[in-house]
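Here's the letter readout for the chains.
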Amino acid sequence: MNRFAPPFLLLTLCFAVLGMAVFVPGLPGGFVLDDGANILQNRILYVDRFDVEQFVYAALSFHDGTGSRALPMLTFALDYWRAGAMDVEAFKLTNIGVHGLTALALAFFLRRLFRLAQWSEQRAVWGALLVALAWAIHPLQVSSVLYVVQRMQTMSSFFIILALWAYVAMREAQLAGGRGRLQGGLLVLVWLLALACKEDAVLLPVYTLALELTLLRFAAGQRVVARGLRQSYGLMLVLGGLLFVFYALPHYWHWDAYPGRNFSSSERLLTQGRVLVMYLGQILLPWPDWMPFYYDNYQVSRSLWQPWTTLPSLAILFAMLFWAWRWRHRQPLFAFGILFFFAGHFLASNVIGLELVFEHRNHLPLLGMLLALADLLLLVVNRLQLNRPSLLAALTLCLVFVSAATLMRAYMWGDPLRFAEKSASLAPQSNRSWIGWSNFWFSRYKQTKDTQYLYYAVDVAERSFEHTASVAVAGNILLFKSILGNLEQSDWQRFYEILRGSPPGGERGQAMEMFMTHPEKNFVHERAEVVKAMQLMLVVEPPGFTQAMRMGVYAYKAGMPLEAMVFFRRAALVSSPDEPTLKRLMGDLVQQGHPEMAAELQALLDKRGSI
C-alpha cells in the first residue's frame, strides 16, 4: 500500500487541478437568483476591515440572523474583505477552490471504499482517481460551482465526504477488533461542520446506513460492537419514522396547494418521480443543452397519468431500488451507489414545499450514480475480458467528452448576457429566464443611465409573451416604460389580465413589491393604477399582514385613504389583536385627522379578540 501513497497524492492533486480548470471560463459571469438576497443585498457581509466582531455578525446573517449556514456566510464576508468589493470573480474563485478540495477528499475516500469492496490496490487507486475526476468535471456541477450561493451546498458536501471517510476508517478499525474512537471523534467533528453549512447534512446517517446495508453489513471484530451497530441503526430507523409521521407530515403536508406554490404535497411527490428520472438522464447523457438551469416552468404531475410520464418514471425508480436491493450482496458497491443517490435526494424530493427542481441538489448524489456505473463497468470488463488499451481509450474518450461539455457550459456562465440569452433559448417557457434577460439590460441602464438599454429590456420582455405570460415580466414592462415616459393604458390592462390568470406564487408578490419599491422615482402619475393592481391582488391572492400593511400605507400616501382602509382591514384580519404595528398605525391615523378609520380598526380587533 505504501508504495502507492506518494504517486497517489501527486495524481490526486493533478486530477483536482483538472477538476477545477474546466470551470475557469465561468469566472467573469455574474451573480444570479438567490445570490441577490443572500449576498449582494446582505449588507452585513460588507466587511471592509479585518474585525472579528463583524465577521461573527456576517456568519450569523443568513435568514435574518438565524445563525444557520454560518460557515459559508463567513466565507462570503471573507471574500468581500479580501476583494474589497462584491467582485464576482473573487467569490467564484473560492467556489472553485472548495470544489477542488472536495475532489481531493473524494479521491481518498473512494480509494478506501474500493478497498472495502475488495478491489485490488491498483484498481482502487485508479478507480478512485477516475471516479473523483468524473464527479468533479461533470457539467451538472456547473450550477453548483459557479452559482455563488451554492457554496452552502458544496462546502456541506466537502465535510460530508470527510465524514464518510472517517466513518469507513472507524468501521475498518472495528472490523479489525478495535473501537475506532479516534475516527469516531473526527466523524462527529466534521459532521458538525457540515451541519453548519447546510441543513441537508443531517442525511449523513442515511448515507452510512446505505454503507451498512451493502458493503459493511453491520460486521465488527467484537460481538458487542456489531450488536451495538444493529441496535443503534434500528433505533435510528424507529425514531426517524416517528419523527416523519408525527412531525414532518403534520408540519409540511398540504392537501391543497402549499402557500405560494401551485401544487400540493401529493402532487409534489408524484412530480419528483419525473424529476429524479430527469436527473438520471442528465447524469448519464451530460449534454449542456439538456441542463437549462431554470426549471420554474416544470410541469406538475396532477395524477399518475397527467402527464403520462409520471407512472413510468415512478416504475423506473422502484425498479432501480429493487435491483439495488437484490444485488446488495452480489454487487454491494453497485447497490450502495444506487442507495446513495436516493439518500441524497431524500429531503429535497420529500414533502417539504421546496421548489420542484434545482440542479445543485445533485452535487453529492451524482457520486452514487458514478459508483454504480463504475461497478457495472468493472463487471462488464471482467465478463468480457476487455483488454486494457481498449478500456483506457474508451474511458479517456468519455472523460474528454464530459470535460468539453463542462467547458461549454462554464463558458455560457462566463458572461451575464450570454448566460441570459442562452437560458431563454433553452427554457423559453421559464419566466425566470426572461426576467433575468430583461433585468440584465435594466442593470446596464442603472449603471450608465443610457435609455437605449431600457428599450432593449422592453424588447426582451415583449418577446417573452410569445412563450409565456409572466406577471413579473408584465410588471417590469410597466417599470421600464414608466421611466421612459411612454407607459400606455394597454400596458396596465395586460398586467391586470395576467395578474388575474397567473398561478399562485412569488411572482405576484414580487410585482407588488416592485411597485412599492419605486413609489417616488416611478409611477408618480400612475399611482391610481398601482392601487387598482393592489386591489386586484387582494382578490386573487390575499396578502399577509406585512404586505397588506405596506399596500395600505402606499395607498394612504397616494392620497387614497378609503382605498387604503381596505388593506388596513385585511392586515387587521390576519394580525394578532395586540400587534404593535397596528397600534402605531391607529395612533398616526388619529393624529392625521382620521379618527374614524382608527376606531373601525380598533372595533375589528376587539371583535376578533372576543371570538
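Engineer: Pulling in residues and values, what's your account of the overall build of the protein chain?
Structural biologist: Secondary structure assignment for the protein chain yields 27 helices and zero strands. Over its C-alpha trace the protein chain gives a radius of gyration of 27 Å, about what one expects of a compact globule, namely 25 Å for 611 residues. If you line up the protein chain on its principal axes, its C-alpha atoms span 85 × 60 × 60 Å. Within the protein chain, the proportion of its 611 residues that are buried is 51%.

Engineer: Quick rundown of helix α14 (residues 332-344)? Include the residues and the values.
Structural biologist: Three- or four-residue spacings in an α-helix give side chains the same orientation, since the helix completes a turn every 3.6 residues. Compared with an ideal rise of 1.5 Å per residue, which puts 13 residues at 18 Å, α14 spans 18 Å between its outermost C-alpha atoms and is within 8% of the ideal. Most of α14 sits inside the fold, with 13 of its 13 residues counted as buried.

Engineer: Before we move on, can you summarise unusual backbone geometry with the specific residues and values?
Structural biologist: Glycine aside, the phi torsion of most residues is negative, and most peptide linkages are trans. A cis geometry characterises the amide bond from Q306 onward to P307, with omega recorded as 0°. Relative to the elements of secondary structure, P307 occurs in the loop between α12 (265-284) and α13 (310-326). Positive phi is not limited to glycine here, since L33 has a value of about 40°. As for its placement among the helices and strands, L33 is situated in the loop between α1 (5-21) and α2 (35-40). Positive phi is not limited to glycine here, since R217 has a value of about 60°. Mapped onto the elements, R217 comes out in the loop between α10 (204-216) and α11 (223-252).

Engineer: Any details on the environment of Q493? Residues and values, ideally.
Structural biologist: Among the structural elements, Q493 can be located in helix α21 (residues 489-501). A residue is classified by how much of its surface remains accessible, and Q493, at 33% relative accessible area, is partly exposed. C-alpha of Q493 to C-alpha of T271: the two residues are 222 residues apart in sequence and 34 Å apart in space.

Engineer: Tell me about the side chain of N350, and name the residues and values.
Structural biologist: With respect to the element layout, N350 can be found in the loop between α14 and α15 (365-384). Residue classification places N350 among the buried positions, given a relative accessible area of 12%. Ignoring sequence-local partners within four residues, the contact set of N350 consists of F244, R268 and L269.

Engineer: Give me the lowdown on the pattern of salt bridges, citing residues and values where you can.
Structural biologist: Using the criterion set out here, one finds 17 salt bridges in the structure. Between D79 and R82 there is a salt bridge whose closest N-O contact spans 3.1 Å. Taken together, the residues D79 and R82, both in helix α4 (residues 70-83) and three residues apart, mark about one turn of the helix. Using a relative accessible area of 2% as the deciding quantity, one classes D79 as buried. Residue R115 pairs with E121 through a salt bridge whose shortest N-O separation is 3.0 Å. The buried category is assigned to E121, whose relative accessible area is 17%. Each of E462, K481, D491 and R494 takes part in a single network of salt bridges with overlapping partners.

Reading the values: the criteria
- Residues numbered from 1 in each chain as written.
- Predicted model: local features only at pLDDT ≥ 70, side-chain atom pairs only at ≥ 80, totals over all residues.
- Heavy atoms only, no water.
- Helix = DSSP H or I, 4+ residues; strand = E, 2+ residues; numbered from the N terminus.
- Rg over C-alpha atoms; globule rule 2.2 N^0.38 Å.
- Buried < 20%, exposed > 50% of the residue type's maximum accessible area, 1.4 Å probe, protein only.
- Expected span 1.5 Å × (residues − 1).
- Contact = heavy atoms within 4.5 Å.
- Salt bridge = Lys/Arg side-chain N within 4 Å of Asp/Glu carboxyl O.

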